[in-house]
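So you can see what is in the structure, the chains are spelled out below.
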Amino acid sequence: MSLSPPGVHLYYDPQWQDSRAINELCWGLEEQGVPCLTTCVEAGGDARTLSHLAATGSALRVGLGLSASGEIALTHAQLPATRPLMTCSAREGAARLRALGVNAGQLVKVLPFSEVT
């Protein structure tokens, strides 16, 4: 049996090549004191599917998904795979990506979401 450390899982498509988006999401989580565990998922898929898989694989039940096209979704394992809490594009800028990471951390800590600018 393999136990992974608790953290928000971020699953990304292997075709996504821009590590800056992943870094910003992880740094937002770090600001909240919540670890981020990134995994390249060979099966790929859309952001909603990846985020749901990430959430169900996380002990904290929160996941982020980043598709090959740059779509990002944040969800909780108890939500349907088709209904993430938040979505955005990786091309929306560093501040928006970091805010999405912060909100993922706040979801873990059961705090109100921050405004995403």
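Reading the values: the criteria
Residues numbered from 1 in each chain as written. Predicted model: local features only at pLDDT ≥ 70, side-chain atom pairs only at ≥ 80, totals over all residues. Heavy atoms only, no water. Helix = DSSP H or I, 4+ residues; strand = E, 2+ residues; numbered from the N terminus. Rg over C-alpha atoms; globule rule 2.2 N^0.38 Å. Buried < 20%, exposed > 50% of the residue type's maximum accessible area, 1.4 Å probe, protein only. Contact = heavy atoms within 4.5 Å. Areas by Shrake-Rupley, 256 points an atom, 1.4 Å probe, with all protein chains shown as cover. Lys, Arg positive; Asp, Glu negative; His and termini not counted. Charge placed at Lys NZ, Arg CZ, Asp CG, Glu CD. Disulfide = S-S within 2.5 Å. Pairing = 2+ DSSP bridges. Axes fitted to C-alpha atoms, helices over the stretch in contact; angles between N-to-C directions. Parallel < 35°, antiparallel > 145°, perpendicular 65-115°, else oblique. Left-handed = near helix turned anticlockwise from the far one by under 90°. Nonpolar A, V, L, I, M, F, W, Y, C, P; charged D, E, K, R; others polar. Salt bridge = Lys/Arg side-chain N within 4 Å of Asp/Glu carboxyl O.

- The name given to the protein chain in an unreviewed UniProt entry is Glycerol dehydratase reactivase beta/small subunit family protein, and the organism recorded there is Pluralibacter gergoviae.

### Examining the overall build of the protein chain
Here is step 1 of the chain: Per the secondary structure count, the protein chain includes three helices and five strands.
Here is step 2 of the chain: A compact globule built from 117 residues should have a C-alpha radius of gyration of about 13 Å, and the protein chain, at 12 Å, falls within 12% of that.
Here is step 3 of the chain: Once the C-alpha set of the protein chain is aligned to its principal axes, its extents read approximately 40 × 30 × 25 Å.
Here is step 4 of the chain: For the protein chain, with 117 residues in total, the buried portion stands at 45%.
Here is step 5 of the chain: Look at the contacts in the protein chain between residues 6 or more apart in sequence, and 57% of them connect residues 24 or more apart.
Here is step 6 of the chain: Carbon and sulfur atoms form 52% of the exposed surface of the protein chain, whose accessible area is close to 6000 Å².
Here is step 7 of the chain: Across the protein chain, the mean location of the 8 positive side-chain charges is 5 Å away from that of the 10 negative side-chain charges.

### Side note on the state of the cysteines
Here is step 1 of the chain: Following the criterion strictly, the structure yields zero disulfides and no others.
Here is step 2 of the chain: Counting only cysteine sulfurs, Cys36 is the nearest neighbor of Cys26, a cysteine outside any disulfide, at a range of 3.0 Å.
Here is step 3 of the chain: Here Cys26 falls in the buried class, since its relative accessible area comes to 16%.
Here is step 4 of the chain: Here Cys40 is not disulfide-linked; the sulfur of Cys26 is the nearest cysteine sulfur, at 14 Å.

### Re the pairing of strand 1 (residues 8–12)
Here is step 1 of the chain: With respect to burial, strand 1 is a largely interior element, five of its five residues being buried.
Here is step 2 of the chain: Of the two faces of strand 1, the one lined by Val8, Leu10 and Tyr12 and the one lined by His9 and Tyr11 are each fully buried.
Here is step 3 of the chain: Sheet topology places strand 1 next to strand 2 (residues 36–40); five bridges connect them, and they run parallel. The residue bridging Leu10 from the neighbouring strand is Thr38, located in strand 2.

### A short note on the packing of helix 1 (residues 19–31) against helix 3 (residues 94–108)
Here is step 1 of the chain: For the pair helix 1 and helix 3, interaxial distance at closest approach is 7 Å and the crossing angle is 45°. Between helix 1 and helix 3, the angle is such that the two are oblique. Between helix 1 and helix 3 lies a crossing whose hand is right-handed. Contact with helix 1, carried on its side by Ala21, Glu24, Leu25, Trp27, Gly28, Leu29 and Glu31, involves Ala94, Leu97, Arg98, Leu100, Gly101, Val102, Ala104 and Gly105 of helix 3 and no other residues of that element.
Here is step 2 of the chain: Looking at the contact of helix 1 with helix 3 residue by residue, the class counts come to nine nonpolar, three polar and three charged.

### Regarding the pattern of salt bridges
Here is step 1 of the chain: Evaluation of the coordinates by the stated rule reveals five salt bridges.
Here is step 2 of the chain: When the shortest N-O distance is used, the salt bridge between Glu24 and Arg98 registers 2.9 Å. Here Glu24, found in helix 1, pairs with Arg98, found in helix 3; they are 74 residues apart in sequence, far enough to count as distant.
Here is step 3 of the chain: Note on Glu24: relative accessible area 13%, which makes it buried.
Here is step 4 of the chain: The class for Arg98 is partly exposed, based on a relative accessible area of 27%.
Here is step 5 of the chain: Between Arg96 and Glu92 there is a salt bridge; the shortest N-O distance is 2.3 Å.
Here is step 6 of the chain: Overlapping salt bridges, with partners in common, bring together Glu24, Glu31 and Arg98 in one network.

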